[in-house]
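The lines below spell out each chain.
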Amino acid sequence: MALKEELYYKSPIFIQNILTSLYGKKLMQERYGMGYEEKIKELREKDRTIDYRIEQLERLNAFLLFVQTHTPYYQKLFQEHDIRLPFTSLDQLQTIPVLEKETLRQQNAAFLSNIDAPVRGRTGGTSGKSLQVAFMREDVQERMAHLDYFKELHGFYSGMRRASFTGRTLTAVDQKKPIFWRMNRPLNQLLLSIFHMKEENLPAYIEELNRFRPAALDGTPTAMLEIALYMLKHKIQLDFKLTAIFPTAETVTPEMRRLLEEAFQAPVFDQYGSSEGAPIISECRERKLHLHHETGIIEPYGEGGEVVVTCFTTRGTPLIRYRIGDRMTLSHDQCTCGLNGPIIESIDGRGTSYIVSEKRGKVFEGDITTIARELPNSVLRLQVEQYALNQVTLRYIPDEQLFVPKHEKILLREMHKLLGSSMQVTLEPVRQMKQEPNGKTLIVRQSMK
Ligand SMILES: [Zn+2]
């Protein structure tokens, strides 16, 4: 453990609050500033009656010209493929080859732009090899402006009180005092640890929310859900009014959304792209997902519903037509909300989150979440774990009042419909879903060797 961290954990809680606020101040300086102010003003005032593709092409050309000048990997690639800039149409983007994760890993150094940008190490995926990634401050600030603008559309303004459920380790593992949160004063943000969501601790979390009275909740939705389920079970309501709930980092199933909205009495608005490599997508008041087209381009790729992303705010480590591993359904619909970015019909899951079936091939998270649809809200959460090609376990949290034995038959029937009748399905009712080491809870857990 780094000395800094060790000191933090050994400090009394009030000192930890001060350290958290100091760290918060550093992050704030990185994320807010001139670039942020300019961008958010632009977003508030811009003319959204024009065709978004005009602006997207402008941004794409500026990004590609930057990359051609500053990034060794693309300098070489553009030469080899005779890429002539600027493009006159968005279709020309397809003349640039798709970027695989493995290429990014193997030629990591060549992806770092020759600019003065802070470089951070980041562990990449399953191989555990650290990936070097650099970010330009202006890009970080532009992303913040987009995320804050999205929240403004739903009545939450930067500086208002918010409570964030976070997988950052805030407390020592062995801390006994039931104070599982820290205060980040510069942002008016209460950070709630998602690692202590045991039933006996939940009343303390609810009490703290009532004391702090945030305008919004954000962060890990499965952690919010633990509290929501507890509140519904014990017929507790918050004694203040929330404006909105903004989940990040995990898939929000329709079931989760219903429970969160019911327990917290506030609307849920989803977003995608909180990890830096992807363009930002956010949900509008009509409950449609819009691509923030100023941040990038999303194209369908191959047969399986996969997409490749080009993200304009990655100038430090540029990603062009990057095979990010996520699946989405794109739409040509129009929306009446006033935002002009293209609509994403649905985000269908992360690249690795699928069950392999002998009969059906890959069955993705998005389809797994439909299993409980035939039930009268009697399953609160579910998780499917695969152990072998023909063997899965379906874990579920039954609603104590609504779940009756015949619902087991329905779950089995739906599983077989989805995964084929030769799949051996074990049903396992549980009281709580197990968290991964990073605090997240998975819908699909792949344990096949
Ligand atoms: Zn809309």
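Rules used throughout
Residues numbered from 1 in each chain as written. Predicted model: local features only at pLDDT ≥ 70, side-chain atom pairs only at ≥ 80, totals over all residues. Heavy atoms only, no water. Helix = DSSP H or I, 4+ residues; strand = E, 2+ residues; numbered from the N terminus. Rg over C-alpha atoms; globule rule 2.2 N^0.38 Å. Contact = heavy atoms within 4.5 Å. Areas by Shrake-Rupley, 256 points an atom, 1.4 Å probe, with all protein chains shown as cover. Lys, Arg positive; Asp, Glu negative; His and termini not counted. Charge placed at Lys NZ, Arg CZ, Asp CG, Glu CD. Donors = N, O, S within 2.8 Å, 3.2 Å for Na, K, Ca; no water. Tetrahedral: all angles 85-135°; square planar, octahedral: opposite > 155°, others 65-115°. Buried < 20%, exposed > 50% of the residue type's maximum accessible area, 1.4 Å probe, protein only. Phe/Tyr/Trp six-rings, centres within 6.5 Å; stacked < 30°, edge-to-face > 60°. Pairing = 2+ DSSP bridges. Axes fitted to C-alpha atoms, helices over the stretch in contact; angles between N-to-C directions. Core = buried A, V, L, I, M, F, W, Y, C linked by side-chain atoms within 4.5 Å. Domains from an automatic or database assignment. Expected span 1.5 Å × (residues − 1). Parallel < 35°, antiparallel > 145°, perpendicular 65-115°, else oblique. Nonpolar A, V, L, I, M, F, W, Y, C, P; charged D, E, K, R; others polar.

A. Molecular detail of the overall build of the protein. Within the protein, the regular secondary structure consists of 13 helices and 21 strands. For 449 residues, the compact-globule estimate of 2.2 N^0.38 gives 22 Å, and the C-alpha radius of gyration of the protein, at 23 Å, lies within 12% of that figure. Judged by the C-alpha coordinates and their principal axes, the protein covers about 65 × 55 × 50 Å. Here the contacts in the protein between residues at least 6 apart in sequence split such that 65% fall between residues at least 24 apart. When the accessible surface of the protein is summed, it comes to about 22,200 Å², and 52% of that surface belongs to carbon and sulfur atoms. If you average the places of the 60 positive and of the 57 negative side-chain charges in the protein, the two averages end up 4 Å apart.

B. Molecular detail of the coordination of the zinc ion. For the zinc ion, the protein coordination sphere consists of Cys284 (SG), His290 (NE2), Cys335 (SG) and Cys337 (SG), at 2.1 to 2.3 Å. For the zinc ion, the 4 donor atoms in the first shell make angles of 102 to 114 degrees at the metal, a pattern classed as tetrahedral. Mapped onto the polypeptide sequence, the residues donating to the zinc ion form the spacing pattern C-x5-H-x44-C-x1-C. Placement of Cys284 in the loop between β9 (281-283) and β10 (289-291) and of Cys335 in the loop between β14 (327-330) and β15 (343-349) is noted, with a sequence separation of 51 residues between them. Residue classification places Cys284 among the buried positions, given a relative accessible area of 3%.

C. Broad picture of the packing of aromatic side chains. Evaluation of the coordinates by the stated rule reveals 14 aromatic pairs. For the ring pair Phe63 and Phe312, a centre distance of 5.8 Å and an interplane angle of 55 degrees mean the geometry is tilted. Within this pair, whereas Phe63 is found in helix α4 (residues 52-70), its partner Phe312 is found in the loop between β12 (306-311) and β13 (319-322), the two being separated by 249 residues in sequence. Considering the side-chain rings of Tyr73 and Phe111, the 4.1 Å spacing of their centres and the 25 degrees angle between planes classify their relative orientation as stacked. Of the two residues, Tyr73 sits in helix α5 (residues 72-80) while Phe111 sits in helix α7 (residues 108-111), which places them 38 residues apart along the sequence.

D. Region of the structure containing the sheet that holds strand β20 (residues 424-429). Spatial strand order, β20-β19-β18-β21: 4 strands in an open sheet with mixed pairing. Two strands lie at the open edges of the sheet, namely β20 and β21 (444-446), each paired on one side alone. Sheet twist, expressed as the mean angle between neighbouring strand axes with direction ignored, is 20 degrees. Inspection of the sheet shows strand β18 (residues 379-388) paired to strand β19 (residues 391-398) by 8 bridges, in the antiparallel sense. Paired with Glu385 across the bridge in β19 is Thr393.

E. Spotlight on the nonpolar core. Of all hydrophobic cores here, the largest spans 40 residues; its most connected members are Phe165, Leu217, Ile227 and Phe264. Elements represented by at least two residues in this core include exactly β3 (162-166), β4 (181-184), β5 (189-193), α9 (202-212), α10 (221-233) and α11 (254-264). The element best represented in this core is α10, accounting for 8 residues. Per-domain counts for this core show at least three residues from each of domain 1 (2-31 + 155-268) and domain 3 (354-446). In this structure Ile227 touches Phe165, Met197, Leu202, Tyr205, Ile206 and Phe264, once residues within four positions along its chain are discounted. By size, the runner-up hydrophobic cluster in this structure holds 38 residues, among which are Leu93, Met136, Ile297 and Ile320.

F. Highlighting unusual backbone geometry. In this structure, Pro86 follows Leu85 across a cis peptide bond, with omega equal to -5 degrees. Locating Pro86 in the fold gives a position in the loop between α5 and α6 (101-106). Of note, the phi angle at Arg213 is positive, near 50 degrees, even though the residue is not glycine. The residue Arg213 is located in the loop between α9 and β6 (216-219) in this model. Even without a glycine there, the phi angle at Gln265 is positive, about 55 degrees.

G. Structural view of the domain arrangement of the protein. Partitioning the protein into domains gives domain 1 (2-31 + 155-268), domain 2 (52-138 + 274-347) and domain 3 (354-446). A straight line from the C-alpha centre of domain 2 to that of domain 3 covers 33 Å.

H. Representation of helix α8 (residues 137-152). Over its 16 residues, α8 extends 22 Å from the first C-alpha to the last, a length consistent with the 22 Å expected when each residue adds 1.5 Å. Taken across its 16 residues, α8 has 14 buried, putting it largely inside the fold.

I. Just the packing of α4 against α5, in detail. Two numbers describe how α4 lies on α5: the axes approach to 6 Å, and their chain directions differ by 105 degrees. Here α4 is positioned roughly perpendicular relative to α5, judged by the angle of their axes. Seen from α4, the contacting residues are Leu64, Val67, Gln68, Thr69 and His70; seen from α5, they are Pro72, Tyr74, Gln75 and Phe78. Grouping the amino acids of the contact of α4 with α5 by side-chain chemistry returns 5 nonpolar, 4 polar and no charged.

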